[in-house]
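Structural description and commentary
Read off the chains here:
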Amino acid sequence: MYICKLMLQAPNILDLAQKHPVMLNDLNILQEKERQTPGAVQYTIKRYSRIPKWNAEDMGMMVYHYKKNEPAASYLELRFCVSGNVYCRGKEQECLNCRNGLTKACSEKEETIDVMNFTFLPEHLLQFVKNPRSFDFTNEVLCFKHPSSFTKILPLCSRVRVILESLLNNTYTESFENIYINAQTQMLLLYSLECMLGNKEEEAFSCKFLANESDRDKILKAREVLLAHIGEPITIKDLSRKVAINECYLKKGFKEIFGTTIFDFYQSQRMEHAKYLLYEKGLSVTEVSLMLGYSSISHFSTAFKKHTGLKPCELLLR
């Protein structure tokens, strides 16, 4: 059941930014906001204390969720992870320095890693389609006519960064906040679509062969095969045969769509599954090591610590 759930989820942007699975229970959350702007967008903002040893990359991600037989269940999601911002822990108590614009003198400031999610529903996006019968790639996405779900990593340009910064620090309340959020998220959607899609499907991916829907589906299938072989290590050669695409295209396409290499993705998912088996199922380190196909407990322990920062036995003691 656990693996099946993973198949339906896009990669966690915090895991990708940090380049290994992140244990959210170990993070100190400074601020959390979740809101539904009427007739517009649902968004969540989570600001975490930045762990000194972390070296997370700033990144964005577009996730297109498509359900052919359930149109109302389809949605478009923008996810962002930004590090290096500063949050004032005394903000809610009206820190005098920050209130007067003297942020450099603030003794309550703390460096953060900020994770933001924006969810756009079909009824909201359809208002932007001028000609529903014109099915270039952009219209296909906005009308939810594109026939398969996809995930695409987005670079953070200066325009997007400015909007994210404004969303983190806006001081509007009630109706004014709704108006402001609606305006800013529409610009965020515009810049993200412009960055990823442009006016032609071919511009959506830097790997030109991914403009072909059949090839994109093969890359998505490769991810499913990897998840189905969590306990049975599979080579890239065997994986390419299973999805009927050559190794070079498989590696390039996987990195383009998911923002990580096949090996790193596979290892991170194995370690996530290991955490589940150890922490939730209560299996021993020896049992988990064997289930994941490791030849020795020491090899498993080394891999586990590399991706989680903990030895398997340390997780069990928590």
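All values reported here derive from a predicted model rather than from experimental measurement.

**Structural notes on the sheet that holds strand β3 (residues 59-65)**
Strands in a sheet are paired, the pairing made by backbone hydrogen bonds, and the direction either parallel or antiparallel. Taken in spatial order, the six strands of this open sheet run β1-β2-β5-β4-β3-β6, and their pairing is antiparallel. Unpaired on one side and paired on the other, β1 (29-36) and β6 (150-154) mark the two borders of the sheet. Within the sheet, the average angular offset between the axes of one strand and its neighbour, ignoring direction, is 15 degrees. Where strand β2 (residues 41-49) and strand β5 (residues 109-120) come together, nine bridges link them in antiparallel fashion. Its bridge partner being in β5, Q42 is matched across the sheet by T119.

**Some thoughts on the pattern of salt bridges**
For the structure on display, the rule yields 10 salt bridges. When the shortest N-O distance is used, the salt bridge between E177 and K33 registers 3.4 Å. Taken as a pair, E177 in helix α7 (residues 174-196) and K33 in strand β1 lie far apart in primary sequence, 144 residues in all. The partner of D114 in a salt bridge is R47, with the nearest N and O atoms 2.8 Å apart. Of this pair, D114 sits in strand β5 while R47 is found in strand β2, placing the two residues 67 residues apart along the sequence. On the basis of relative accessibility, which here comes to 0%, the residue D114 falls in the buried class. Note on R47: relative accessible area 2%, which makes it buried. Taken together, the salt bridges that share partners define one network made up of K33, R35 and E177.

**Comments concerning the nonpolar core**
L76, L78, F118 and L188 are the most contacted members of the largest nonpolar core, which has 34 residues in total. Where this core is concerned, the elements lending two or more residues are β2, β3, β4 (75-88), β5, α5 (137-142), β6, α6 (158-169) and α7. Broken down by element, this core gets its largest block of residues, seven residues, from α7. Apart from the residues within four sequence positions on either side, F118 is in contact with V41, Q42, Y43, L76, E77, L78, F80, L164, L167, T185 and L188. Of all hydrophobic cores here, the second largest spans 28 residues; its members include I257, F265, Y294 and F304.

**With respect to the environment of S83**
Following the sequence through the fold, S83 ends up in strand β4. For the pair S83 and D114, spaced 31 residues apart in sequence, the C-alpha separation works out to 6.2 Å. Discounting chain neighbours no more than four positions away, the residues touching S83 are A56, D58, T112 and I113.

**Thoughts on the pairing of β3**
When you tally the buried positions in β3, you get seven out of seven residues, the bulk of the element. On β3, burial covers both faces: M59, M61, V63 and H65 on one face and G60, M62 and Y64 on the other are all buried. As paired strands, β3 and β4 are joined by seven bridges and run antiparallel to one another. Bridge pairing in β4 links M62 to L78. For β3 and β6, the ladder comprises five bridges, and the chain directions are antiparallel. Note that in β6 the partner of Y64 across the bridge is F150.

Cut-off values and rules
Residues numbered from 1 in each chain as written. Predicted model: local features only at pLDDT ≥ 70, side-chain atom pairs only at ≥ 80, totals over all residues. Heavy atoms only, no water. Pairing = 2+ DSSP bridges. Helix = DSSP H or I, 4+ residues; strand = E, 2+ residues; numbered from the N terminus. Axes fitted to C-alpha atoms, helices over the stretch in contact; angles between N-to-C directions. Salt bridge = Lys/Arg side-chain N within 4 Å of Asp/Glu carboxyl O. Buried < 20%, exposed > 50% of the residue type's maximum accessible area, 1.4 Å probe, protein only. Core = buried A, V, L, I, M, F, W, Y, C linked by side-chain atoms within 4.5 Å. Contact = heavy atoms within 4.5 Å.

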